[in-house]
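So the chains spell out like this:
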Amino acid sequence: MAYNETVITVVGNLTADPELRFTPSGAPVTNFVIASTPRYFDRQANEYKDAETLFVRCSLWREAAENVCESLTKGTRVVAQGRLKARSFEDKEGNNRTSWELDVDEIGASLRYATAKIERQAPRQGGGGFGGNQGGGNPGGGFGGGQQPGGFGGGSPNSGGQQSDPWGGQPSQGGGWDAGSNDEPPF
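In the annotation of an unreviewed UniProt entry, the protein chain is listed under the name Single-stranded DNA-binding protein and assigned to Nesterenkonia salmonea. Comment text from UniProt for the protein chain, heading Subunit (unreviewed entry), reads "Homotetramer."

### Here's the deal with the side chain of aspartate 103
Among the secondary structure elements, aspartate 103 is positioned in strand E8 (residues 96-109). Classification of aspartate 103 as buried rests on a relative accessible area of 14%. For aspartate 103, the side chain forms a polar contact with the side chain of serine 59, separated by 3.1 Å. Not counting residues within four places of it along the chain, the set of residues in contact with aspartate 103 comprises Ser59, Gly82, Arg83, Lys85 and Arg87.

### Remarks on the side chain of serine 110
Among the secondary structure elements, serine 110 is positioned in the segment after E8. Residue classification places serine 110 among the buried residues on the basis of a relative accessible area of 11%. A polar side-chain atom of serine 110 sits 3.4 Å from the main-chain amide nitrogen of arginine 112. The contacts of serine 110, once residues within four sequence positions are left out, are Arg77, Val78 and Val79.

### Some points on the nonpolar core
With 13 residues, the main nonpolar core has Leu14, Phe32, Ile34, Cys58, Leu102 and Val104 as its most contacted residues. If you tally residues by element for this core, the top one is strand E6 (residues 54-61), at 3 residues. Ignoring sequence-local partners within four residues, the contact set of leucine 102 consists of Ile8, Val10, Val56, Arg57, Cys58, Ser59, Ala80, Gly82, Arg83 and Leu84.

### Brief notes about the confidence of the model for the protein chain
On average, residues of the protein chain score 75 in pLDDT, and 65% of them are at 70 or above. Across residues 130-187, confidence stays below pLDDT 50; counting only partners more than four residues off in sequence or on other chains, it has 101 contacts.

### Some details on the pairing of strand E3 (residues 28-36)
Extensive coverage of E3 is indicated by the burial of 7 of its 9 residues. Where strand E1 (residues 6-14) meets E3, 2 bridges bridge the pair, whose relative direction is antiparallel. Bridging across to E3, asparagine 13 finds its partner in alanine 35. Relative to E3, strand E2 (residues 19-22) runs antiparallel, the two sharing 4 bridges. In the strand pairing of E3, glutamate 19 is matched with asparagine 31.

Calculation notes
- Residues numbered from 1 in each chain as written.
- Predicted model: local features only at pLDDT ≥ 70, side-chain atom pairs only at ≥ 80, totals over all residues.
- Heavy atoms only, no water.
- UniProt positions renumbered as here; feature names shortened; annotations may be inferred.
- Helix = DSSP H or I, 4+ residues; strand = E, 2+ residues; numbered from the N terminus.
- Buried < 20%, exposed > 50% of the residue type's maximum accessible area, 1.4 Å probe, protein only.
- Polar contact = N/O pair within 3.5 Å; in protein donor to acceptor, adjacent residues only side chain to side chain.
- Contact = heavy atoms within 4.5 Å.
- Core = buried A, V, L, I, M, F, W, Y, C linked by side-chain atoms within 4.5 Å.
- pLDDT = per-residue confidence, 0-100.
- Pairing = 2+ DSSP bridges.

Dropping the structure here:
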């Protein structure tokens, strides 16, 4: 992330199904629009009213783009966080215009009015999270990863980071920051 980028969070509904596209080099990307309509209470009318809707054009890349296209559909209420970017262009009449877009870093379905069932993806080659594939083991996810005992999401070398104990193993196996004589977290 660059210095002085404007990071914002937008809550709203998708205006259409996200469509997955690929760049010439094969990188997946999706573009979508989030419509966010704030509500306010009108004391004179003694009722809630909708304010003007904000439409935010968003883009998302790589594995997250694929996950969004598989998980979210038109009308889904989402929470998206990303970097606000200004794009300057010249319209058909020759006027200079500015378009505001959001380069999304994180997105998920809002659970305020809905429920969701989360399905974890198998880790991709190279590991993931903090630590990734350290120690030359299988790609593990989370803090520690690979063959290192313990660590958040580490797992054993043969588990690929898939372990029911999120702190990295059972105390008898030497994993986890609270196991044995380790009384401090690894961070």
